[in-house]
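Below are the chains, spelled out letter by letter.
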Amino acid sequence: MTPQDIDAFFATLQAANPQPNTELEYTSVFELLVAVLLSAQATDVGVNKATRKLFAVAHTPQQILALGYDGLCGYIKTIGLYRNKAKHLLETCRLLVERHGGEVPRTREALEALPGVGRKTANVVLNVAFGEPTMAVDTHIFRVSNRTGLAPGKTPLAVEKKLLERVPPRYLVDAHHWLILHGRYVCLARRPRCWQCQVARYCEFSPKTPAPAAR
């Protein structure tokens, strides 16, 4: 994808959705961190169903710790891998209280030092909560970046680095939201909806998926 196509690609996505955001529900930086930590190998819809009940009774590190392991599991047991996630979240809450005064740190190094918080989770928090131009490369962004020719790469980190190089600076803060939403609702894994895609003209994927035959 040429620099001109990349610019037009994001200009089109921006025009269609000027203020994109995560579909995870949260009201504080800590709630965002919890939601993203729980979202690994789970859908945002499923996470939101669980956190609505959890955050109603526990929305600070201290309150999560007070629930204990069994209490926390009771709220998140509908989410995949909930037992490991509960252990990671409790340990993360303990470290937030002991090292950061109960606040979510603003640096990548400090975030990634928290149990269950990898590079992708840290990137989401840095971008959504603190407005940093990071790229949280999930399966959707990885697929879209490779399929379209936007930022091909063999690993999420390679795609992340290439996106940071190729996406024009004015689009960087919102770019990962546009790409996630595009991958989630249009550029689907098994059958991309090319006939509905607003940016198909800039995309290198071939052959484009034709519209389903009318019944």
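Residues numbered from 1 in each chain as written. Predicted model: local features only at pLDDT ≥ 70, side-chain atom pairs only at ≥ 80, totals over all residues. Heavy atoms only, no water.

A. Highlighting the environment of Trp178. With respect to the secondary-structure elements, Trp178 resides in helix H10 (residues 172–185). The spatial distance from the C-alpha of Trp178 to the C-alpha of Phe142 is 13 Å, given a sequence separation of 36 residues. Among residues more than four places away in sequence, those in contact with Trp178 are Phe10, Leu13, Gln14, Asn17, Pro18, Pro20 and Tyr171. A distance of 2.8 Å separates the side chain of Trp178 from the backbone oxygen of Asn17, its partner in a polar contact. (Helix = DSSP H or I, 4+ residues; strand = E, 2+ residues; numbered from the N terminus. Contact = heavy atoms within 4.5 Å. Polar contact = N/O pair within 3.5 Å; in protein donor to acceptor, adjacent residues only side chain to side chain.)

B. Expanded view of the side chain of Asn123. As for its placement among the helices and strands, Asn123 is situated in helix H7 (residues 119–128). For Asn123, a relative accessible area of 0% corresponds to the buried category. Reaching out from Asn123, the side chain makes a polar contact with the side chain of Arg108 at a distance of 2.7 Å. Once you skip the residues sitting within four places of it in the chain, Asn123 turns out to touch Arg108, Thr134, Met135, Ala136 and Glu160. (Buried < 20%, exposed > 50% of the residue type's maximum accessible area, 1.4 Å probe, protein only.)

C. Molecular detail of the packing of helix H2 (residues 29–38) against helix H3 (residues 44–57). Interaxial distance between H2 and H3 falls to 10 Å at its minimum, and their mutual angle equals 140°. Of the possible angle classes, the one that applies to H2 and H3 is oblique. The chirality of how H2 crosses H3 is right-handed. Where H2 approaches H3, its residues Glu31, Val34, Ala35 and Leu38 are matched on the opposing element by Val47, Thr51, Leu54 and Phe55. (Axes fitted to C-alpha atoms, helices over the stretch in contact; angles between N-to-C directions. Parallel < 35°, antiparallel > 145°, perpendicular 65-115°, else oblique. Left-handed = near helix turned anticlockwise from the far one by under 90°.)

D. Spotlight on H7. Burial of H7 is extensive: eight of the ten residues sit out of reach of the surface. Along H7, the residues that are buried comprise Thr121, Ala122, Asn123, Val124, Val125, Leu126, Asn127 and Val128.

E. Looking closely at the nonpolar core. Counting residues in each nonpolar core, the largest one holds 37 residues, and the members touching the most others are Leu54, Ile64, Leu72, Ile76 and Leu111. The contact partners of Leu111, leaving out residues within four places of it in the chain, are Val104, Pro105, Val117, Ala122, Val125 and Leu126. In this structure, Ala8, Leu13, Tyr171 and Tyr202 belong to the second largest nonpolar core, which totals 27 residues. (Core = buried A, V, L, I, M, F, W, Y, C linked by side-chain atoms within 4.5 Å.)

F. Highlighting unusual backbone geometry. That bond from Ser206 to Pro207 is cis: its omega, 0°, falls within 30 degrees of zero. Structurally, Pro207 can be placed in the segment after H10. One non-glycine residue with positive phi stands out, namely Gln41, at about 55°. The residue Gln41 is located in the loop between H2 and H3 in this model. Look at Leu81: it is not a glycine, yet its phi comes out positive at around 60°. For Leu81, the location among the structural elements is in the loop between helix H4 (61–76) and helix H5 (82–100). Judged by relative accessible area, which is 49%, Leu81 ranks as partly exposed.

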